[in-house]
Amino acid sequence: MTTTGSFTDALRAQSQRYHSQHPFHVRMNAGELAPAQIRGWVANRFYYQENIPRKDAAILANCPDREVRRRWIQRILDHDGTEGSEGGIEAWLRLSEAVGLSRAEVLDERHVVPGVRFAVDAYVNFARTRPWVEAVASSLTELFAPDLMAERLAAFERHYPWIDRDGLAYFRSRLTQAPRDAEHALEVVTEHCRTAEQQARAVDALAFKNDVLWSVLDGIDRAYPGSTGPA
Ligand SMILES: O=C(O)c1cc(C(=O)O)c2c(n1)C(=O)C(=O)c1cc(C(=O)O)[nH]c1-2
């Protein structure tokens, strides 16, 4: 596996294991979740959102390439925001309010279940401790995210009319941010992974990330099986 084509094919084949196929997401997009389950998902996923900039800061810290850093830093700005442009974490808090959660109960992480915390922490630790190119490869689930995001937007508008549409702005912004980020990450990974072994490690990193995302949903699914969840 040393040609670029077969390498990118192997990376893209990881879409088979993406969390879009997790039963909880399947039920979400089919309109089968109760409000308490949506709230449980939003409150738990906040833990992922707030840790993404820390994960990206770890990649920056480990990356010796100035050109890569100049582009990668945009991800932190996208989530943390800047003066006058609030960013993804604020957008997620607005989503939280739109589904009926208070900002306080999301910010203090009271609803975050152990499995979600462990999975997200594993992702941040991976970026801190593994070679930076592997950490970049692990972000490549974003190759698969736009389809899921478009499906989710349509599903929320159709099946969950009780959620104010303004609360869905986060997903709309990811429709353009995710493809831009994935394209850059793919460029970096194909440039730096030339040997079969480096390429195999990149594919493994992406498989690891799929496991992180799957575990997050396992944790949520188990905590909110039906009519229970944050009131
Ligand atoms: O809602 C989703 O299904 C989903 C998936 C992913 C992903 O595939 O990792 C990300 C996001 N959302 C997201 O919002 C986000 O900011 C993000 C950053 C990253 C990353 O690994 O750097 N993945 C994702």
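Conventions adopted
The numbering scheme is per chain: residues are counted from 1 as the chain's sequence reads. With pLDDT at 70 or above as the cut-off, local features in this predicted model cover only qualifying residues; side-chain atom pairs require 80 or more to be listed or tallied, and sums for whole chains, interfaces and linings still use all residues. Hydrogens are left out, water is left out, and the side-chain values use all remaining heavy atoms of the structure. UniProt positions are given in the numbering used here, feature names are shortened, and annotations may be inferred rather than shown by experiment. A run of H or I in DSSP counts as a helix once it spans at least four residues, and a run of E counts as a strand once it spans at least two, with each numbered from the N terminus. Proximity criterion: a residue is near a molecule or strand once any of its heavy atoms comes within 4 Å of it. Residues adjacent in sequence count toward polar contacts only when both atoms are side-chain atoms; beyond that, a polar contact is any pair of N or O atoms within 3.5 Å, and within protein one must be able to donate a hydrogen and the other to accept it. Accessible areas in this description were obtained via Shrake-Rupley with a 1.4 Å probe; residue shielding takes into account the shown protein chains only. Any residue outside Ala, Val, Leu, Ile, Met, Phe, Trp, Tyr, Cys, Pro, Asp, Glu, Lys and Arg is labelled polar, Gly included; the first ten of those are nonpolar and the last four are charged. Two rings from Phe, Tyr or Trp (for Trp, the six-membered ring) form a pair when their centres sit within 6.5 Å of each other. Planes less than 30 degrees apart are called stacked, planes more than 60 degrees apart edge-to-face, and all others tilted. Three labels apply to residues, based on accessible area from a 1.4 Å probe with only protein chains included: buried if under 20% of the type maximum, exposed if over 50%, partly exposed otherwise in between. Placement of a positive charge over a ring is assigned whenever Lys NZ or Arg CZ falls within 6 Å of the ring centre and within 35 degrees of the normal to the ring plane. Axis definition: a line fitted to C-alpha atoms, limited for helices to the stretch in contact. Angles are taken between N-to-C directions and run from 0 to 180 degrees. Angular relationships are summarised with four words: roughly parallel below 35 degrees, roughly antiparallel beyond 145, roughly perpendicular across 65 to 115, and oblique for the angles in between. Throughout, a contact is declared for two residues whenever any of their heavy atoms are within 4.5 Å. Take the buried Ala, Val, Leu, Ile, Met, Phe, Trp, Tyr and Cys residues and link them wherever side-chain atoms come within 4.5 Å; each set so joined is a nonpolar core. Any helix carries an expected span of 1.5 Å times its number of residues minus one. How sure the predictor is of each residue is captured by pLDDT, a score from 0 to 100. Fitting one axis to the seven residues ending at a residue and another to the seven starting there, the bend at that residue is the angle between the two axes. In the sections that follow, a salt bridge refers to a side-chain nitrogen of Lys or Arg positioned within 4 Å of a carboxyl oxygen of Asp or Glu.

1. Here's the deal with the UniProt feature "domain: Thiaminase-2/PQQC" (unreviewed entry) in the protein
What UniProt calls "domain: Thiaminase-2/PQQC" (unreviewed entry) maps, in this numbering, to residues 10–218. Structurally, residues 10–218 comprises 74% helix and 0% strand, and the distance from its first C-alpha atom to its last is 25 Å.

2. With respect to the site of the ligand
Around the ligand lies a shell of 20 residues, among which Tyr18, Lys55, Tyr123, Tyr170 and Lys209 are the nearest. In the environment of the ligand, an oxygen atom lies 2.9 Å from a nitrogen or oxygen atom belonging to the side chain of His19. Here an oxygen atom of the ligand and a side-chain polar atom of Arg174 are 3.5 Å apart. Protein chains bury 99% of the 470 Å² of accessible surface belonging to the ligand in isolation. Elements represented by at least two residues in the shell around the ligand include exactly α3 (35–62), α4 (66–80), α9 (145–159), α10 (169–192) and α11 (196–223). Sort the elements by how many residues they give to the shell around the ligand and α3 lands first, with five residues. For the shell around the ligand, the residue count by class is eight nonpolar, five polar and seven charged.

3. Here we look at the packing of aromatic side chains
Tallied over the entire structure, the rule returns eleven aromatic pairs. Ring centres 5.5 Å apart and planes at 70° place the aromatic pair Tyr18 and Phe144 in the edge-to-face group. With Tyr18 in the loop between α1 (4–12) and α2 (23–29) and Phe144 in the loop between α8 (132–138) and α9, the pair connects residues that are 126 residues apart, well separated along the chain. By the burial criterion, Tyr18 is buried, and Phe144 matches it. One aromatic cluster is present, formed by Trp41, Trp92, Phe156, Tyr160, Tyr170 and Phe171 through successive ring pairs. The ring of Trp72 has Arg75 sitting right over it, with the charged end atom 3.6 Å from the ring centre. Across from the ring centre of Tyr47, 4.9 Å away, lies the NZ or CZ of Arg117, which sits over that ring.

4. A closer look at the packing of α9 against α10
The interhelical angle for the contact between α9 and α10, taken along N-to-C directions, is 170°, at an axis separation of 9 Å. Classed by the angle they form, the pair α9 and α10 counts as roughly antiparallel. Two secondary-structure elements touch here, α9 through Pro146, Met149, Ala150, Arg152, Leu153 and Glu157 and α10 through Phe171, Arg172, Arg174, Leu175, Ala178 and Pro179. Looking at the contact of α9 with α10 residue by residue, the classes come out as eight nonpolar, no polar and four charged.

5. Let's talk about the nonpolar core
Trp41, Phe171 and Val189 are the most contacted members of the largest nonpolar core, which has 70 residues in total. With near-sequence residues (within four places) excluded, Phe171 lies in contact with Trp41, Trp92, Leu95, Met149, Arg152 and Leu153.

6. Structural notes on the environment of Arg12
With respect to the helices and strands, the residue Arg12 is situated in helix α1. Sequence-wise, Arg12 and Leu206 are 194 residues apart; in three dimensions their C-alpha atoms are separated by 9.6 Å.

7. Quick word on α9
The terminal C-alpha atoms of α9 lie 20 Å apart, and with 15 residues this matches the ideal 21 Å at 1.5 Å per residue to within 8%. Along α9, the residues that are buried comprise Ala145, Pro146, Leu148, Met149, Arg152, Leu153, Ala155 and Phe156. Residues of α9 that are buried make contact with α2, α3 and α10.

8. Details of the confidence of the model for the protein
For the protein, per-residue confidence averages 95 on the pLDDT scale, and residues scoring 70 or more make up 97% of the total. This prediction of the complex comes with two scores: 0.94 for pTM and 0.92 for ipTM.

9. What about α3?
Taking 1.5 Å per residue, 28 residues should reach 40 Å; α3 reaches 41 Å between its end C-alpha atoms and fits that length. By the largest-angle criterion, Asn51 marks the main kink of α3, which is about 35°, and a proline, Pro53, follows within four residues. Most of α3 is tucked away: 22 of the 28 residues are buried.

10. A few points about the pattern of salt bridges
Where charged atoms of side chains with opposite charge meet at close range, the side chains can pair. Inspection of the entire model under this criterion finds 18 salt bridges. Note that Arg103 and Glu90 form a salt bridge whose closest N and O atoms lie 2.7 Å from each other. Of this pair, Arg103 sits in helix α6 (residues 103–107) while Glu90 is found in helix α5 (residues 88–98), placing the two residues 13 residues apart along the sequence. Among the salt bridges present, the one from Asp181 reaches Arg174, with a minimum N-O distance of 3.7 Å. Each of Arg75, Asp78, Glu142, Arg174, Arg180 and Asp181 takes part in salt bridges that share partners, so that together they form one network.

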